[in-house]
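Descriptive analysis of the structure
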Amino acid sequence: MGPYRGGGARTGFKILPLILFGLYGIYYYFSNQETVPVTGRSQLVDISRDQEAALGLQSYRQILQQENVVTTGQNAESVQEIGRRISAVTDSTGFKWEYNLIESPQVNAFCLPGGKVAVYSGILPVAKNANGLAVIMGHEIAHAIARHGAERMAHQKLVEIGTMAAGVAVSDMDPAQQRAVMGALGVGAQYGLLLPFSREHESEADYMGLIYVAKACFDPTEAPKLWERMGQASGGRGPAQFMSTHPSHETRIRQFEKWMPEALKLKAEKCGS
Ligand SMILES: [Zn+2]
C-alpha cells in the first residue's frame with residue numbers, strides 16, 4: 001500500500017454512474033429496435049412513424065412556402081410521374097406522397113419523412129434523363145423509407161446519454177483532465193458512431209434506391225453514370241449541396257457494380273426485357 005492519497009494514484013474517476021448510465025444506454029438501445037425494409041437491417045429509432053411524418057410535413061410546408069414551386073410543364077410532370085412509379089414499389093404504409101419541382105439553381109433533392117419529395121431544377125441537367133432522375137428520387141425516397149433521419153436523432157440521443165455519463169464520472173477529476181477525456185469522447189462519438197452511420201445510410205439508400213428503380217421499370221445501369229455526372233458537377237467549385245453528405249463516387253460506383261446483377265434480374269422479372 002502506498003501512502004494515503006499518495007502521488008498520482010488518485011484520479012477521482014467514478015465508475016458507478018458510468019455503469020448506471022451504461023445500463024440505461026443498453027436498455028434504450030434494445031427497447032427501440034426497428035427493421036429497415038429491403039435490407040432487413042436492425043436500427044435504433046425512438047419516435048413513432050406518425051411523429052416523424054408530422055415533422056416532415058411541417059418542414060415541407062415551410063420549404064415550399066419559401067421556394068418557387070413549378071406546377072406546370074414537362075419537368076414538373078416528370079417529377080410527378082417518376083415519383084409515383086418509384087413510391088408504388090416501396091413498402092410505405094402510412095406515407096402520404098407529394099412530389100414537387102422547385103425552381104432553383106441548387107443541385108439538390110430530398111424526401112422528408114412521410115413521403116414529401118422535392119426536386120430542385122438545378123439537379124435536372126445532372127439527372128440528364130428520366131432514368132437519372134429516377135435514380136436520384138429513388139435514393140432520396142429510400143432515405144425516408146429507411147427512416148434514416150429518425151435513426152440519426154436516436155444516435156445523437158445515445159451520444160448525449162454517453163456524454164452525461166462521462167461528465168458525471170469525471171466530475172471529481174481536475175478540470176484539464178476532464179476536458180481531455182470529454183474532448184476525446186466527442187471525437188470518438190463523431191468518428192466511431194455518427195460518421196460511420198452516415199456512410200452506412202448513404203450505401204443503404206443507394207442499394208434500396210437501385211432496387212426501387214429496377215422494380216419501377218427504370219434502367220438501373222443509369223445509377224453509376226448518374227453518380228459519375230454528380231461527381232463532375234461537384235468538381236471545381238466545391239461540393240454541390242447534394243454531395244456534401246455523400247461518400248466518394250468511386251466507392252459508390254464499385255458498390256453499384258456489385259448490386260447490378262440483382263437489380264437487372266428484378267427488372268427482367270417485373271418488366272420483361
Ligand atoms: Zn443520400
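The structure contained in this document is the topic of the report that follows. (Residues numbered from 1 in each chain as written. Predicted model: local features only at pLDDT ≥ 70, side-chain atom pairs only at ≥ 80, totals over all residues. Heavy atoms only, no water.)

1. Examining the overall build of the protein
Regarding its fold elements, the protein presents nine helices and six strands. Counting all 273 residues of the protein, 44% fall into the buried class. Summarising the internal contacts of the protein: among those between residues at least 6 apart in sequence, 70% fall at separations of at least 24. Accessible surface computed for the protein: about 14400 Å², of which carbon and sulfur atoms make up 56%. (Helix = DSSP H or I, 4+ residues; strand = E, 2+ residues; numbered from the N terminus. Buried < 20%, exposed > 50% of the residue type's maximum accessible area, 1.4 Å probe, protein only. Contact = heavy atoms within 4.5 Å. Areas by Shrake-Rupley, 256 points an atom, 1.4 Å probe, with all protein chains shown as cover.)

2. Brief notes about the state of the cysteines
Using the criterion set out here, one finds one disulfide in the structure. A sulfur-sulfur distance of 2.0 Å marks the disulfide that ties Cys217 to Cys271. Of note, the bridge from Cys217 to Cys271 carries an S-S torsion of about -90° and is left-handed in sense. Here Cys217 is found in the loop between helix 7 (175-215) and helix 8 (222-234), whereas its partner Cys271 is found in helix 9 (residues 249-271), with 54 residues between them in sequence. With relative accessibility at 34%, the residue Cys217 sits in the partly exposed group. Taking relative accessible area as the criterion, Cys271 reaches 29% and is therefore assigned partly exposed. (Disulfide = S-S within 2.5 Å.)

3. Here we look at helix 2 (residues 49-66)
With 18 residues, helix 2 should reach 26 Å at 1.5 Å per residue; the first-to-last C-alpha distance of 26 Å fits that figure. Every buried residue belonging to helix 2 is among Glu52, Gly56, Tyr60 and Leu64, and all of these are buried. Looking down the long axis of helix 2, one finds its buried residues gathered within 90° of arc, a one-sided arrangement. Exposed residues lying more than 90 degrees from the buried face of helix 2 are Asp50, Gln65 and Gln66. (Expected span 1.5 Å × (residues − 1). Arc of directions from axis to C-beta.)

4. Quick look at the pattern of salt bridges
Counting across every chain of the model gives 13 salt bridges. Where Glu204 meets Arg41, a salt bridge forms, and the shortest distance between an N and an O atom there is 2.8 Å. Of this pair, Glu204 sits in helix 7 while Arg41 sits in the loop between strand 1 (33-35) and strand 2 (42-44), placing them 163 residues apart in sequence. Through salt bridges with shared partners, one network takes in Arg41, Glu151, Glu200 and Glu204. (Salt bridge = Lys/Arg side-chain N within 4 Å of Asp/Glu carboxyl O.)

5. A short note on a nonpolar patch on the surface
Judged by side-chain polarity, Phe13, Ile15, Leu16, Leu18, Ile19, Leu20, Leu23, Ile26, Tyr29 and Phe30 come together as a nonpolar surface patch covering roughly 990 Å² of accessible area. With relative accessibility at 33%, the residue Tyr29 sits in the partly exposed group. (Patch = residues over 30% accessible without salt bridge, like charges linked within 9 Å, V, L, I, M, F, W, Y side chains within 5 Å.)

6. Thoughts on the packing of helix 5 (residues 130-145) against helix 7
Running from N to C, helix 5 and helix 7 point in directions that differ by 120°, and their axes come no closer than 7 Å. Between helix 5 and helix 7, the interaxial angle falls into the category oblique. For the crossing formed where helix 5 meets helix 7, the hand is right-handed. Only His201, Glu202, Ala205, Asp206, Met208, Gly209, Tyr212 and Val213 of helix 7 make contact with helix 5, whose side of the interface consists of Ala134, Val135, Gly138, His139, Ala142, His143 and Ile145. For the contact of helix 5 with helix 7, a count of residues per class yields eight nonpolar, five polar and two charged. (Axes fitted to C-alpha atoms, helices over the stretch in contact; angles between N-to-C directions. Parallel < 35°, antiparallel > 145°, perpendicular 65-115°, else oblique. Left-handed = near helix turned anticlockwise from the far one by under 90°. Nonpolar A, V, L, I, M, F, W, Y, C, P; charged D, E, K, R; others polar.)

7. Some points on unusual backbone geometry
Here the phi dihedral of Val38 falls at roughly 70°; this positive angle occurs in a residue that is not glycine. Structurally, the position occupied by Val38 is in the loop between strand 1 and strand 2. Although it is not a glycine, Lys128 sits at a positive phi angle of roughly 70°. Checked against the element boundaries, Lys128 lands in the loop between helix 4 (124-127) and helix 5.

8. Here's the deal with the nonpolar core
Of all hydrophobic cores here, the largest spans 48 residues; its most connected members are Ile86, Val119, Leu133, Met137 and Met230. Examining the composition of this core, we find that nine residues originate from one element, helix 5, more than from any other. Setting aside anything within four residues of it in sequence, one finds Val119 in contact with Val79, Asn100, Leu101, Ile102, Asn108, Ala109, Leu124, Leu133 and Met137. Judged by nonpolar contacts, the second largest core, of seven residues, contains Tyr60, Ile102, Ala118 and Tyr120. (Core = buried A, V, L, I, M, F, W, Y, C linked by side-chain atoms within 4.5 Å.)

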